[in-house]
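# Structure assessment
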Amino acid sequence: MAATATIPVLNYIGGEWAPSRSGETVPDRNPAHTDEILGEVTVSTADDVRRAVDAAAAAFREWRATPAPQRGDIVRKAADQMERRRDELGRLLTQEEGKTLPESLAEVDRAIANVRFAAGQGARLVGETIPSSQRGTFVYTVREPLGVVACITPWNFPIAIPAWKIAPALVAGNTVVLKPASLTPLCAAEVVRCFVAAGLPNGALNLVLGTGEALSRAITSDERIKAISFTGSSAVGRRLYAQAAERLCKVQLEMGGKNAVIVMDDADLEKAAESVAGGAFGATGQRCTATSRAVVLRSVLDEFNELLARKAETWRAGDGLEQGVRMGPIVDETQLRKVKAKIDDGKRSGAKVIRDGGEPTRAELRAGYFVEPTIFSDVDPRMPLAQEEIFGPVVSVISARDLDAALAAANGVGYGLSSAIYTNDLRTAFRYADESEAGMLHVNTPTVGGEPQVPFGGVKDSGFGDRECGTAAFDFFTEAKVVYVGY
Ligand code: UN1
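Residues numbered from 1 in each chain as written. Predicted model: local features only at pLDDT ≥ 70, side-chain atom pairs only at ≥ 80, totals over all residues. Heavy atoms only, no water.

## A short note on the site of the ligand
Close contacts around the ligand come from Arg110, Asn156, Phe157, Ile161, Thr231, Arg287, Cys288, Thr289, Val448, Gly449 and Phe456, and that covers them all. The side chain of Asn156 places a nitrogen or oxygen atom 2.9 Å from an oxygen atom of the ligand. In the model, an oxygen atom of the ligand is placed 2.4 Å from a nitrogen or oxygen of the Thr289 side chain. Across the complex, the protein chains shield 99% of the 320 Å² of accessible surface that the ligand would expose by itself. A class-by-class count of the residues in the shell around the ligand yields five nonpolar, four polar and two charged. Residues from two domains meet in the shell around the ligand; each of domain 1 (7–255 + 462–486) and domain 2 (259–452) gives at least three. (Near = heavy atom within 4 Å. Polar contact = N/O pair within 3.5 Å; in protein donor to acceptor, adjacent residues only side chain to side chain. Areas by Shrake-Rupley, 256 points an atom, 1.4 Å probe, with all protein chains shown as cover. Nonpolar A, V, L, I, M, F, W, Y, C, P; charged D, E, K, R; others polar. Domains from an automatic or database assignment.)

Printed below as a string of structure tokens:
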């Protein structure tokens, strides 16, 4: 495969693309061909964060004064830029993160839809009028921006998540410092380029590239940053919140998941197995909404396992740019080691191995960070396999006696992001909806995904603070101001 030319990947601060004064760079690798270097990425320091906040703070007054519908018009043009560059962005995403080209293109489309939705909200940033208890008094509310906000985004949706955080933040009138995952800086830089080409004023959006370890303290401790929107691991999210809480900085956390699909004995088993395979192996299992547990009624367990094993065979691993490949690599070596260690632990735990993808044997898979679909069955709900997030193409099948046992198993984890049930019984579906401890429930649809106009987020260790996406995103990125007018 032809190597892409190595390009410098730079910070964008106050309207200028420039390297950090640290002078350091790190290589950005293609996880499907680890000797292919896509870019040399500038390594930022706390000083770069400070300068980005300087720029964002300086731009705030003017951006806040720009009428919200006009802010929306500018942000809408960023979506047009993404649409024009759809194929290029899709290929870049596959090369940098690893997911397959169809998955990448779907992610770019999702980013576009989210940005368009947020842009439209510029004309709908409405407040309330509230009847006053006092005569001759008019009471109303307005939605005001917070100031400078920070968006900290993960590598697994390196185009869609920056887009769906930045867009509502800007439309609401805030200025932004984006700190994307260090594994996917090129995708973040291209998202920023689309917003810049849309005509944002200098300083309204700033990009600082580097690791969370090096930069998060600078973000949580800067008094001028009024809110932090974070997507990433629960461990990092908790730490970030604890630090930001010291200075009463608003925080929104989207974190891990251990999402279950309950399969009832009256379900369309073919459809349920398809959903579990897609939820577990799609995006190589590297999504917070991935299906990582299937809780299956005992009477249909064998039939379900057979169907699932057959589906797994169709998830061919390989370079995501190749036709016929359904599952890309794991994003990097560290993640690969973690996923393999979890598979090894699973094998030692006594669970039944239905399909072991831990050590791929096909020669072409040695060029990258690959594992293949892995299925465990007869998993005890208390085992680490059933409790800990894996973030790889691994699913654990748990058997349950009845709906009560299935709900107890599904709810019996620290996470609560998404879940699903496959059933044709209305009472079962509504009982599930009442009793499930998760932020996003699905009846006969997979655990993954989310629509731009619908709030996205979870409970327990999966989420904290206002939801992302939909109009909920604007609850986070604005403050309600109340005005009493005595006339
Ligand atoms: C999806 O399920 O398509 O980081 C989106 C994540 C989530 C987004 C998942 N915040 O995986």
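Still more ground to cover, so stick around.
## Here we look at the packing of aromatic side chains
Per the counting criterion, the structure on display carries seven aromatic pairs. Here the aromatic rings of Trp164 and Phe456 are separated by 5.8 Å at their centres, their planes lie at 45°, and the arrangement is tilted. Residue Trp164 is found in helix H5 (residues 160–171), and its partner Phe456 is found in the loop between strand E20 (440–443) and strand E21 (459–460); the two are separated by 292 residues along the sequence. Judged by its relative accessible area of 6%, Trp164 falls in the buried class. Directly above the ring of Phe157 sits Lys99, whose terminal nitrogen or CZ lies 3.8 Å from the centroid. Between the NZ or CZ atom of Arg326 and the centre of the ring of Trp315, over which it lies, the distance is 3.9 Å. (Phe/Tyr/Trp six-rings, centres within 6.5 Å; stacked < 30°, edge-to-face > 60°. Helix = DSSP H or I, 4+ residues; strand = E, 2+ residues; numbered from the N terminus. Buried < 20%, exposed > 50% of the residue type's maximum accessible area, 1.4 Å probe, protein only. Lys NZ or Arg CZ within 6 Å of the ring centre and 35° of its normal.)

## Overview of the domain arrangement of the protein
Domain boundaries assigned for the protein yield domain 1 (7–255 + 462–486) and domain 2 (259–452). At the interface, 29 residues of domain 1 touch 29 residues of domain 2. Summing both sides of the interface, domain 1 and domain 2 together bury roughly 2,300 Å²; the carbon and sulfur share of this comes to 59%. Run the count over domain 1 and domain 2 and you get ten residue pairs in polar contact (both at pLDDT 80 or more). Only strand E5 (33–42), helix H3 (86–97) and helix H4 (101–120) provide two or more residues apiece to the side of domain 1 that touches domain 2. The element that contributes the greatest number of residues to the side of domain 1 that touches domain 2 is H4, accounting for six residues. (Contact = heavy atoms within 4.5 Å. Buried area = accessible area lost by both parts, 1.4 Å probe.)

## Considering the nonpolar core
Of all hydrophobic cores here, the largest spans 60 residues; its most connected members are Met82, Leu170 and Phe195. At nine residues, the largest contribution of residues to this core is made by H5. The two domains that each donate at least three residues to this core are domain 1 (7–255 + 462–486) and domain 2 (259–452). Setting aside residues no more than four positions away along its own chain, Phe195 makes contact with Val75, Ala78, Met82, Val115, Ile166, Ala167, Leu170, Leu200 and Leu205. (Core = buried A, V, L, I, M, F, W, Y, C linked by side-chain atoms within 4.5 Å.)

## Let's talk about the pattern of salt bridges
The final tally for this structure, using the stated rule, is 37 salt bridges. Here Lys99 and Glu107 are joined by a salt bridge, their closest N and O atoms 2.6 Å apart. With respect to class, Lys99 is no different from Glu107; both count as buried. A salt bridge links Glu359 to Lys340; the shortest N-O distance between them is 3.6 Å. Placement of the pair is Glu359 in the loop between strand E15 (352–355) and strand E16 (374–377) and Lys340 in helix H11 (residues 333–348), with a sequence separation of 19 residues. Residue classification places Glu359 among the exposed residues on the basis of a relative accessible area of 56%. Connected through salt bridges with shared partners, the residues Arg21, Asp47, Asp48, Arg50, Arg51, Asp54, Asp222 and Arg224 form a single ionic network. (Salt bridge = Lys/Arg side-chain N within 4 Å of Asp/Glu carboxyl O.)

## Overview of the sheet that holds strand E4 (residues 25–30)
What the three strands build is an open sheet, ordered E1-E5-E4; its pairing is mixed. Lying at the two open borders of the sheet, with one neighbouring strand each, are strand E1 (7–9) and E4. Looking at each pair of strands side by side, their axes are set apart by 45° on average, direction ignored. Sheet analysis places E4 next to E5, joined by six bridges and oriented antiparallel. In the sheet register, Thr25 faces E5, and the bridge partner there is Thr42. (Pairing = 2+ DSSP bridges. Axes fitted to C-alpha atoms, helices over the stretch in contact; angles between N-to-C directions.)

## Let's talk about the sheet that holds strand E6 (residues 129–131)
Strand order in the open sheet made by the three strands is E6-E7-E23, with antiparallel pairing throughout. In the strand order of this sheet, the two ends are held by E6 and strand E23 (478–486), each with one partner. Between one strand and the next, the sheet's axes are offset by a mean angle of 25°, whatever the strand orientation.

## Describing the side chain of Ser234
Turning to its location among the elements, Ser234 is positioned in helix H8 (residues 234–245). Side-chain polar atoms of Ser234 contact the backbone oxygen of Asp461, separated by 2.9 Å. The contact partners of Ser234, leaving out residues within four places of it in the chain, are Met255, Gly256, Tyr415 and Asp461.

## Let's talk about helix H9 (residues 269–281)
The periodicity of an α-helix, 3.6 residues per turn, causes residues three or four positions apart to be oriented the same way. The terminal C-alpha atoms of H9, which comprises 13 residues, lie 18 Å apart, in line with the 18 Å expected from a rise of 1.5 Å per residue. Those residues of H9 that sit buried are Leu269, Ala272, Ala273, Ser275, Val276, Ala277, Gly279, Ala280 and Phe281. Contact partners of the buried residues in H9: strand E13 (259–263), strand E14 (291–297), helix H10 (301–313), E16, strand E17 (394–400) and strand E19 (418–422). The N-cap residue of H9 is Asp268: its side-chain oxygen and the backbone nitrogen of Glu270 are 3.3 Å apart. Downstream of H9 by a residue or two, Ala283 has a phi angle that is positive, lying close to 55°. (Expected span 1.5 Å × (residues − 1).)

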